[in-house]
Structure formats: structure tokens, C-alpha cells
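# A look at the structure
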Amino acid sequence: MKSMNKIYKWAIVPLFAGVFLSSCDFLQENPDSVYTDKNYYVDTKTLKAGVVGVYSKIINLYVINTDTPIFLTMLGTDELCYRTANTNVRSAVDRYTYTSSEGCIGEFWARYYYVIGQANVILDAAPKITDITEKDRNQCIGEVRFLRAWSYFQLVQMFGDLPLIVNKTVEFDYTVPRSPLADVYKLIIEDLEFASADGVLPTEISDGHANHWAAKTLLAKVYLTMASAKKAAKVEGYARIAESSEDLYGKAYRLLGEIIDNSGRDLLPEYEDVFKIENKNTNKESIWEIQFSATEPYGTQWSKEMGLANAGYSQTAGGWRYCCLGGQYAINSIPSFRGYYKHWTYDKRKNWNVMDSLLRYNAKTGEPTKIEPISALSGIKGTPAETDYTLNNNTKLVNYSSATKYRWGDSWRDYPMQYIYSNCPNNIIALRFADVLLMYAEAEMALNGGKVKSTGLNAVNRIVQRARGLNDSGVPITETETPGFENYTIESLTFEELMKERSRELCFEFWRRHDLARTGMFEHFLKARNEANNIKTNFDPKKNYLLPVPQYEIDNSENKAGMYQNPGY
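I will try to describe carefully the structure that is included in this document. (Residues numbered from 1 in each chain as written. Predicted model: local features only at pLDDT ≥ 70, side-chain atom pairs only at ≥ 80, totals over all residues. Heavy atoms only, no water.)

## Looking at the pattern of salt bridges
One side chain can pair with another of opposite charge once the charged atoms of both are near each other. Inspection of the entire model under this criterion finds 41 salt bridges. The residue Glu190 makes a salt bridge to Lys186 at a minimum N-O spacing of 2.7 Å. You can see Glu190 and its partner Lys186 sitting in helix 7 (residues 181-195), 4 residues apart, about one turn around the helix. On the accessibility criterion, Glu190 (33% relative accessible area) is partly exposed. For the salt bridge of Glu243 with Lys251, the shortest nitrogen-to-oxygen distance reads 2.5 Å. Here Glu243 falls in the partly exposed class, since its relative accessible area comes to 26%. (Salt bridge = Lys/Arg side-chain N within 4 Å of Asp/Glu carboxyl O. Helix = DSSP H or I, 4+ residues; strand = E, 2+ residues; numbered from the N terminus. Buried < 20%, exposed > 50% of the residue type's maximum accessible area, 1.4 Å probe, protein only.)

Structure, rendered in C-alpha cells:
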């Protein structure tokens, strides 16, 4: 395991040779040699290259290897599972059998602190440069403060109290204690208030660079998280936040209303278009994307962890590596998650996100040969009802339940594909407009005694309307054409329904664990899963709302009282 000492020694050496993370110019820097921060940051060009270096560290959170940290935000929820209980890291995360020595937990901590360390280098250098305009200086500072806030926000939701590192650090000081959760949020807010100030960041998406509306969206999400977590009272530290939940909900609500009214962002007409590779960085729904490229090794491996259930593929012949829909299929959707979709025929999101089919391959050539329904394969006989597909205790059904949100072409027949595994260019759509609408309704509900007003209701129904899709003439399908899949009313849009709507819309986008934790609803939404022995978790509400602090951090600490372990570990 890498120590924090090494991380902070590396953080002051900006290595950019060969960095290329998108099909555009973003994250492409090729200096002639390696510099240290003492002689490298001298003008606008070199400072901007340093900013690019901070972005490049973010992708390390999504690299699939032995101790992959991304699994912590994918598994162990009511959406996705690892279908086999064993000693695999995926299983440990999914079933909550990990300990403080689990490698992926240490990597989650270390890699985000790596981003923070690199950001602090830029923040130290930027004020000292003379050959730069104030506009360029502020934009560089705003971008790295956004990235530092993003990193601390990911960490604080997972670990609670944290060591606060705010200055350039050559070697990690192991006397630094964990700071209260409230102080971590204070820094996050300060960073985002600077980044979201008028004129600091551009308002339009620019190939993965942080922008004005991304900063405001993230700040709103921070306020909503603080408000809901304080209200839920599952993590002790939130009680020590000075502001009331109502005040925090109010701040989130006002920001989200501003984004809805003024950002120019909107829902795309069709849900599936949000996730197509050809639309990345260009669609009006996206607010901020983490960049990947088809140029190896800067592609994404995380998307291929999912994919359509498949059989007969040969890794020698290519198999899932070369197919539009067939991923590694290591992670499954949970049958009861299908039941969240109120109408499978009319809600187009269901068939896009959870396709109930099996893809067969020619084992000799690796070519996909046919696609077939999973009903008979799962032992479901006769004419199955929709509820038959939601039974978690049907082991065969679990084995064939797919997660198909991320694809690499237009059809299962597309073969061979140029995207195999390490060069898939699917971006992480980290912030998008649909989430803004859902957060807006949630904040309004909290401020209005548990019910939305017409504004929050309209926000959610915009998402429901889009879920119906378009007819053959490209015209939105209306509510009257989709019996059983009606718009919400003020009475029918309960908090539980809103949480399910978040899952229907945002599934597999790395927010579900955070949503269940901040609202205190882990136990409630894991109930259906935990009633089935084959995918039952060991979730313990007394400890699993937080992860354990990595054991190596506690062992290396010279301040044992200040580097304490989270309860239950």
C-alpha cells in the first residue's frame, strides 16, 4: 500500500508527458522534460499545464485493478451487486465484509489525497506568478479549488472527520489529526464559493474543465448533503454543523433554482442520448464530465465492468471486449431494482438501464450471434408477470440481471468494435441537469413539511415526461398515451417515491451510496435485498454509514489520539 508520505512527495512533481485524456485538446501536455514546482510554474502556459495535471489524477479513481476504489461507490446498494460471495474485493465491498485493511478503501483515501496534494501545489504557485493576467490566474485557482472541493466532498461522505491538508506539503505530517466533519465542509464551501463567483470560471462546458454552473451545482449538492445528513442523524459529526437543516436546505434550494432558471442546461429529449459516447461534452444536459479517451491507456475500464449478460464468449477470440453491449459482466443489477420502474413498456429508462436479455457469442470467432430473453433461462415459466423479474431469491435471475446503461455502439450486432477495455472513451457524467431537478424537488419537499409545491412537482414531472420518450415522428409521447405511467401529483410524490425516482434516473452514476447514506435510508432500501440469502449484505447501521479509516494511516500516525478509527471498526 502506498503511504501518504510518498503521495505528498510525488504531488509536488508535475509530470505531464504524454497525458491525453479526451479526443480534444484537454489534458494534452507534452513538455520537453520534467520540472519541479520551483522552476516550472513561471507563466500562464505552465500554470495551466499544472491545472491539467490535477485533472489527470482524478481518473485514477476509476482505474480497474486489484484494489479498485470505484467499487465503493457502485456496490452494496439496492441497485448493483456482485453476484458471488467470496474473497474478491468486489464481494467484500458489496457484502460489507471489509476491514480497515481493505486495499480499495486505502486506495480511495490515498488517490483523493493525491488530487488534493497536487491542487495545493497549484494554489501555492498561482499567486507568485507575474507573467499572467488576473483573469487567467483566477480561473486556474477556481478550477483547482473546485477539484479540491470535489475530492474532500467524496472523502468526507465516506469517512467523516478527515485530516485537513490545505497547504503545499513535501512530506505528509503524521502528527496531523482528523479535523471535525464540520470543518471539512467549511473548507469545501469556501472553495466552491470562490469557484462559483461571477467571472471566475466560464459558464459553458469546455471538454472537462470545471465551469461556473458545475461549481454552483456541486455547492448545492454539498448543502443538500449536509442538510439531509444532519436531519437523518446517522453520522454523529453532522450534529455539530452550526447551521440548521432548514437553513442548509434553503441554501441548496436557492442555488438549484438559479441553475434551473439561468444555466441554459436542459434535459435531452431522449434519455439514452445522455450516455452515448458521441454526445459526450456536447449535450445540454451535462454539467461536468470526467474525461476519458480512446487513446490507450487513457480510456475507461469501469464501464466494461457492467454490460449485458452473455455466454459463449472467448477472451482469446475477443468476445465481450469487441462488442457494443457485452461488457465483462462482473457487476449485476439487482432484480428488485427493476420493480422501481412503474411501467416497463412506457418508461424507456428501464430497458436502457436494465436490458432483460442474454447475448450469445460464437466461442471460436468471438462474434455475437443472437440475443434472447432471460425469462426461460431464469426458470420463469409461462407468460411471466413483471413481478417475476423482481425476485431476488431467484439465483438464476440474479445471474442474468444486467446493467446496460453504458454502451460502446448502437447495436449488439456491432462487431468488431474499436473499443475493447482499456480504451473505452465513456466519460463519467459527474453532474447533470436531471440531478439538479431532483435535488430541487427534494429541497422544496424538506422546506414545505414533506410535500412539494407546484414548482418542485413540475421539476420531477419534466423527468417523467422525458422518460416516455419520443414517438416515430420525434414528438414527445404524452401522459394520455401511457396509462399506468402517469405524472406525479403533490400527494403521490412522497419522499420514498422521490428516492426511487433518483434511482430510476441516476442509477449506476456513482451517487446511490451517497444518497442512501445522507438520507439515513440504507436499511430501508436494502430490506428487499437482505431478505434474499443469495445476495444478502452484512450492512450494520452502527458502523457502515462510514468506511473505516485505512489501517495504514492509523499505524503511521504519530498522533494516535487524533487519528482515531471510526465506530465499530
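On we go from here.
## Looking at the sheet that holds strand 6 (residues 368-373)
Taken in spatial order, the 3 strands make up an open sheet running 3-5-6, and their pairing is mixed. Across the chains shown, the open sheet's two edge strands, defined by having one partner strand only, are strand 3 (309-311) and strand 6. Neighbouring strand axes in the sheet, compared pairwise and without regard to direction, differ in orientation by 25° on average. Note that strand 3 and strand 5 (residues 357-361) share 3 bridges and pair parallel. (Pairing = 2+ DSSP bridges. Axes fitted to C-alpha atoms, helices over the stretch in contact; angles between N-to-C directions.)

## Things to note about the side chain of Asn423
Of note, Asn423 is situated in the loop between helix 12 (395-400) and strand 7 (428-432). On the accessibility criterion, Asn423 (8% relative accessible area) is buried. Looking at Asn423, its side chain comes within polar contact range of the main-chain oxygen of Gln418, at 3.0 Å. Not counting residues within four places of it along the chain, the set of residues in contact with Asn423 comprises Ser293, Ala294, Glu296, Gly299 and Gln418. (Polar contact = N/O pair within 3.5 Å; in protein donor to acceptor, adjacent residues only side chain to side chain. Contact = heavy atoms within 4.5 Å.)

## Some details on the packing of helix 3 (residues 44-58) against helix 5 (residues 103-125)
One way to put it is that helix 3 packs onto helix 5 with a least axis distance of 9 Å and a crossing angle of 170°. Looking at the two axes, helix 3 sits roughly antiparallel to helix 5. Side by side, helix 3 and helix 5 meet where Leu47, Gly50, Val51, Gly53, Val54, Lys57 and Ile58 of the first sit next to Tyr114, Val115, Gln118, Ala119 and Ile122 of the second. Tallied by class, the residues present in the contact of helix 3 with helix 5 amount to 8 nonpolar, 3 polar and 1 charged. (Parallel < 35°, antiparallel > 145°, perpendicular 65-115°, else oblique. Nonpolar A, V, L, I, M, F, W, Y, C, P; charged D, E, K, R; others polar.)

## A short note on helix 17 (residues 522-530)
Burial in helix 17 covers these residues: Phe522, Phe525, Leu526 and Arg529. Considered in projection along helix 17, the buried side chains sweep an arc of 95° and stay on one side of the axis. Those residues of helix 17 hidden inside the fold are in contact with strand 1 (80-81), helix 4 (89-95), helix 15 (495-506) and helix 16 (512-519). (Arc of directions from axis to C-beta.)

## Remarks on the environment of Asp131
By the secondary structure assignment, Asp131 is in the loop between helix 5 and helix 6 (134-159). Measuring from C-alpha to C-alpha, the distance between Asp131 and Thr387 comes to 66 Å, with 256 residues separating the pair along the chain. Not counting chain neighbours up to four residues away, the residues in contact with Asp131 comprise Val42, Asp43 and Thr44.

## Some words on unusual backbone geometry
With phi around 45°, Asp207 is a residue other than glycine that occupies positive phi space. By the secondary structure assignment, Asp207 is in the loop between helix 7 and helix 8 (212-232). With a phi close to 60°, Ala233 is a non-glycine residue in the positive phi region. Positionally, Ala233 belongs in the loop between helix 8 and helix 9 (245-262).

## Details of the pairing of strand 6
Relative to strand 6, strand 5 runs antiparallel, the two being bridged by 5 bridges. Residue pairing for strand 6: Arg360 is matched across the bridge by Lys370. In this structure, the hairpin formed by strand 5 and strand 6 is closed by a connection of 6 residues, where Gly366 is found at a positive phi of approximately 80°.

## Some words on the packing of aromatic side chains
In the structure shown here, the tally under the stated rule is 30 aromatic pairs. Between Tyr96 and Phe539, the ring centres sit 5.2 Å apart and the planes meet at 80°, which makes this aromatic pair edge-to-face. Here Tyr96 is found in the loop between helix 4 and helix 5, whereas its partner Phe539 is found in the loop between helix 17 and helix 18 (551-556), with 443 residues between them in sequence. Owing to a relative accessible area of 5%, Tyr96 belongs among the buried residues under this scheme. Judged by centre distance (4.9 Å) and plane angle (85°), the ring pair of Phe146 and Trp288 falls under edge-to-face. One end of the pair, Phe146, is in helix 6; the other, Trp288, is in strand 2 (residues 286-290), with 142 residues separating them in the sequence. Its relative accessible area of 0% is what places Phe146 among the buried residues. The exposure class assigned to Trp288 is buried, which follows from its relative accessible area of 2%. (Phe/Tyr/Trp six-rings, centres within 6.5 Å; stacked < 30°, edge-to-face > 60°.)

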